[in-house]
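Each chain is listed here by its residues.
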Amino acid sequence: MEFLDEKILEFRRRARNEEHMDLESGMYIDGELMEFERVKLFDGKMDIMLPSSFIDLPSNLARIKYPSEQRPHIIKTSLDTSVNMTFSLYGMKIRCDQTKKAAEEFRMVIKKVNPAYVFYDLEEEELGNSSVSWFDFKGFCVDDPIYYMMYVTPVGGYLMHGIFNCPYKKLAEWRDAAGRMMRSIHDCTGEETRI
């Protein structure tokens, strides 16, 4: 009887998860339905779908979590601050055909500074009338390994650099959602960056 109960519960979990497999309907992450909303960033130059529960990381915590003075311009975080999306818009011009090279350069710098990090994919994808290039890796910090997904895309013709990170043990729960959030980026400037 116990075996049958487990099968029924697993079937219900799968059915529930299949019903909520995108940002519009929400996604089950860590056993909870995570709802997403479109958030405007950089004075409306871009928007992105983010978990509606994410908040701006308070500046006192941002200085601790990102001690460099070159910390990301915008840091959105889960309430426990373990899952983060960061965004930086730089004054460097970039076109769609240059995003992969920019991502490769970021990756080389990180690899050189942290040779123990484990790197995975490096991809380039169309993003509406633009493109995004991204790579992911496993980094190490004092207590636990961290999963990172870094990406670059033009926003208004300028380089936007974003980072998703979460504890490595939550990778299976968050990787798909992180990719979907990245792919939801929309350049609201109308600037044509395709060559």
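Residues numbered from 1 in each chain as written. Predicted model: local features only at pLDDT ≥ 70, side-chain atom pairs only at ≥ 80, totals over all residues. Heavy atoms only, no water.

Undergrad: An account of the side chain of aspartate 187 is needed here, citing residue identities and associated values.
TA: Turning to its location among the elements, aspartate 187 is positioned in strand β13 (residues 186-187). Polar side-chain contacts of aspartate 187 include one of 2.9 Å to the backbone nitrogen of glycine 156. Contacts of aspartate 187, omitting those with residues within four sequence positions, involve Lys45, Pro154, Val155 and Gly156. (Helix = DSSP H or I, 4+ residues; strand = E, 2+ residues; numbered from the N terminus. Polar contact = N/O pair within 3.5 Å; in protein donor to acceptor, adjacent residues only side chain to side chain. Contact = heavy atoms within 4.5 Å.)

Undergrad: An account of the packing of aromatic side chains is needed here, citing residue identities and associated values.
TA: Under the counting rule described, the total for this entry stands at nine aromatic pairs. Judged by centre distance (6.2 Å) and plane angle (55°), the ring pair of tyrosine 117 and phenylalanine 140 falls under tilted. In this pair, tyrosine 117 sits in the loop between α3 (99-113) and β9 (118-127) while phenylalanine 140 sits in strand β10 (residues 130-140), placing the two residues 23 residues apart along the sequence. Take tyrosine 117: its relative accessible area is 17%, and that puts it in the buried class. Phenylalanine 140 sits in the partly exposed class, given a relative accessible area of 41%. Between phenylalanine 135 and phenylalanine 137, the ring centres sit 5.9 Å apart and the planes meet at 20°, which makes this aromatic pair stacked. Phenylalanine 137 matches phenylalanine 135 in its accessibility class, with the two residues each being buried. Members of the aromatic cluster, joined through ring pairs, are Tyr117, Phe119, Phe135, Phe137, Phe140 and Tyr148. (Phe/Tyr/Trp six-rings, centres within 6.5 Å; stacked < 30°, edge-to-face > 60°. Buried < 20%, exposed > 50% of the residue type's maximum accessible area, 1.4 Å probe, protein only.)

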